Amino acid sequence: MPAISRATAAALPTSVWIRMYACTITSSRAIGSAPKGHRTLCADRRCAITVGDLGEFGVVARITGRLPQGESVLLGPGDDAAVVRAPDGRVVVSTDLLIEGRHFRRHWSSAYDVGRKAAAQNLSDVAAMGAIPTALVVGLGMPPDVPVAWVDGLADGFREECALVGASVAGGDITRSELVVIGVTALGDLGGHAPVTRSGARPGQVVAFAGRLGYAAAGLALLEAGLEPEGGPLLEAVEGHRRPRPPYACGPEAARMGAAAMLDVSDGLLQDLGHVAAASGVGITLDPTAFPIGEPVAAAAKELGADPVEWVLTGGEDHALAAVFPPEVRLPPHWTVVGHVVEGAKVQVAGRMTGLGGWDHFRE
């Protein structure tokens, strides 16, 4: 994501710069502070300026101005490529794509929420390898009528989610597209540890998870039912869909504790553990009574007449971490043991179901 040049800046009309300045002041209040305000694009009509008004380099300058660089980035936006530290000598890389209408809806989630979510799902993939996230690069496609204030919120969301792990947005690219499309590549450092893959599970080991399960599915169900709660547990469930909370530190922690296999729960616990079972050549049995049901999930289930355990087992996008550990490992309280690795080739839930459930982009 190259920085805007002085020549390009000088070529922009004075009226555009005045509107940019006005929008920066207003949107910093409306989007960059209290979460409630994040769903307000802008309180001032001066912020009706769009990305089409600014043009590519004006938008790039605006975005990069909101994204400070951390210690891992040796060379950030402004050149053809960024330079990021790799102290371990190996680089963990993961990439993901978010498409408007498929992964988020602008009338359901603010730009800030979308930025947090886009960063979270990629940073979580790095943590699931037992690594520490260091940087993101972001590709952004959008229609020319997208308000610049929306782009501000998106950048703020990326910045604040990255700050949770000490990572930075080191660069990227923007282009015009019919829908908002966000491509994110995450980089990470293993810190001298071996990567924790999906293929190390062995019979006799225990299955545990860290983080939250069922929140994103419950929140999505509420929104699809036309409910927009203003407070309480139902709002917390909706916020779980808009803005997941991955347990980033638990990834490297699991690696240090000797995790045999691990992954990020993005497509549903049953389906994702199915990947572990297939890669390791084992079976997995889960105890449905071992899963804690969060109050927001339970409240949403009561409101909609749904089964909260189904959301916990098959709902995606919470970005919890699921891992397999040797039985002798003493797990901290934030890891919950929910099953065991056995001989076989399937994921089964005692007395409940045997299908994998979860999300498949080409079957939904």
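Refer to the structure printed above.
Keep in mind that this is a model prediction, so the values were computed, not measured.

**Some thoughts on the pairing of strand E5 (residues 168–176)**
- The sheet contact formed by strand E4 (residues 132–142) and E5 spans eight bridges and is parallel. In the sheet register, Leu 140 faces E5, and the bridge partner there is Ile 174.
- Since E4 and E5 lie parallel, the crossover through helix H5 (residues 148–163) that links them has a hand, and here it is right-handed.

**A closer look at the sheet that holds E4**
- Strands sit in the order E3-E6-E4-E5 across an open sheet of four strands; the sheet is mixed. Pairing within the sheet leaves two strands with one partner each, and these edge strands are strand E3 (92–99) and E5. If you compare each strand with its neighbour and ignore which way they point, the axes differ by 15° on average.

**Quick notes on the packing of helix H7 (residues 232–242) against helix H10 (residues 295–304)**
- At a minimum axis separation of 8 Å, H7 and H10 run at an interaxial angle of 105°. Taken together, H7 and H10 sit at an angle that is classed as roughly perpendicular. Every residue of H10 that contacts H7 at Pro 233, Leu 234, Glu 236 and Ala 237 is listed here: Glu 295, Pro 296, Ala 299, Ala 300 and Glu 303.
- For the contact of H7 with H10, a count of residues per class yields six nonpolar, no polar and three charged.

**Focus: the pairing of strand E11 (residues 336–342)**
- Alignment of strand E7 (residues 206–210) against E11, held across four bridges, turns out to be antiparallel. For Ala 208, the partnering residue across the bridge sits in E11 and is Val 337.
- In the sheet, strand E9 (residues 283–286) pairs with E11 via four bridges, with the strands oriented antiparallel. For Ile 284, the partnering residue across the bridge sits in E11 and is Val 341.

**Thoughts on the packing of helix H3 (residues 51–64) against H5**
- Relative to each other, H3 and H5 sit at 20°, their axes nearing to 11 Å. By the angle between their axes, H3 is roughly parallel relative to H5. The crossing of H3 and H5 is right-handed. Contacts between H3 and H5 involve Val 51, Leu 54, Val 59, Arg 62 and Ile 63 from the first element and Val 148, Val 151, Asp 152 and Ala 155 from the second.
- Each residue belonging to the contact of H3 with H5 can be placed in one class, and the counts come to seven nonpolar, no polar and two charged.

**Remarks on the environment of Leu 123**
- Residue placement: Leu 123 occurs in helix H4 (residues 111–128).
- Taking the C-alpha atoms as reference points, Leu 123 and Tyr 248, separated by 125 residues in sequence, lie 7.7 Å from one another.
- If near-sequence neighbours (up to four positions away) are discounted, Leu 123 is found in contact with Pro 133, Leu 136, Glu 161, Cys 162, Val 165, Ala 167, Ala 186 and Tyr 248.

**Considerations on the pattern of salt bridges**
- Overall, the coordinates contain 14 salt bridges when judged by the stated rule.
- A salt bridge links Asp 152 to Arg 62, with the shortest nitrogen-to-oxygen separation between them at 2.6 Å. Residue Asp 152 is located in helix H5, and its partner Arg 62 is located in helix H3; the two are separated by 90 residues in the primary sequence.
- With a closest N to O distance of 4.0 Å, Arg 212 and Glu 236 form a salt bridge. Placement of the pair is Arg 212 in the loop between E7 and helix H6 (215–224) and Glu 236 in helix H7, with a sequence separation of 24 residues.
- Given a relative accessible area of 33%, Glu 236 falls into the partly exposed group.

**A word on the sheet that holds E11**
- As summarised here, the arrangement of the six strands in space is E8-E10-E7-E11-E9-E12, forming an open sheet in which the pairing is mixed. Bordering the open sheet on either side are strand E8 (261–265) and strand E12 (347–349), each of which pairs with just one other strand. In this sheet, adjacent strand axes meet at a mean angle of 25° when their direction is disregarded.
- Across three bridges, the pairing between E9 and E12 is parallel. From the neighbouring strand, Leu 286 faces E12, where its bridge partner is Val 349.
- Against the sheet, H4 engages E8 and strand E10 (320–325), with an angle of about 170° to E8.
- Packing against the sheet, helix H9 (residues 269–280) makes contact with E7, E8, E9, E10 and E12, and its axis sits at approximately 150° to E8.

**Re H6**
- Most of H6 sits out of view: eight of its 10 residues are buried.
- Of all the positions in H6, only Tyr 215, Ala 216, Ala 217, Ala 218, Gly 219, Ala 221, Leu 222 and Leu 223 are classed as buried.
- Check the buried side of H6 and you find it contacts H7, H10 and helix H11 (308–314).
- Looking one or two places after H6, you find Gly 226, whose phi comes out positive at around 85°.

**Remarks on the nonpolar core**
- In this structure, Leu 136, Phe 158 and Ile 182 are the most contacted members of the largest nonpolar core, which totals 40 residues.
- Secondary-structure elements contributing two or more residues to this core are H3, E3, H4, E4, H5, E5 and strand E6 (181–189).
- For Leu 136, the contacting residues outside a window of four places in its chain are Ala 119, Asn 122, Leu 123, Phe 158, Cys 162, Ser 168, Val 169, Ala 170, Gly 171, Val 184, Thr 185 and Ala 186.

Calculation notes
Residues numbered from 1 in each chain as written. Predicted model: local features only at pLDDT ≥ 70, side-chain atom pairs only at ≥ 80, totals over all residues. Heavy atoms only, no water. Pairing = 2+ DSSP bridges. Helix = DSSP H or I, 4+ residues; strand = E, 2+ residues; numbered from the N terminus. Right-handed = clockwise from strand over helix to strand, strands pointing away. Axes fitted to C-alpha atoms, helices over the stretch in contact; angles between N-to-C directions. Parallel < 35°, antiparallel > 145°, perpendicular 65-115°, else oblique. Contact = heavy atoms within 4.5 Å. Nonpolar A, V, L, I, M, F, W, Y, C, P; charged D, E, K, R; others polar. Left-handed = near helix turned anticlockwise from the far one by under 90°. Salt bridge = Lys/Arg side-chain N within 4 Å of Asp/Glu carboxyl O. Buried < 20%, exposed > 50% of the residue type's maximum accessible area, 1.4 Å probe, protein only. Core = buried A, V, L, I, M, F, W, Y, C linked by side-chain atoms within 4.5 Å.

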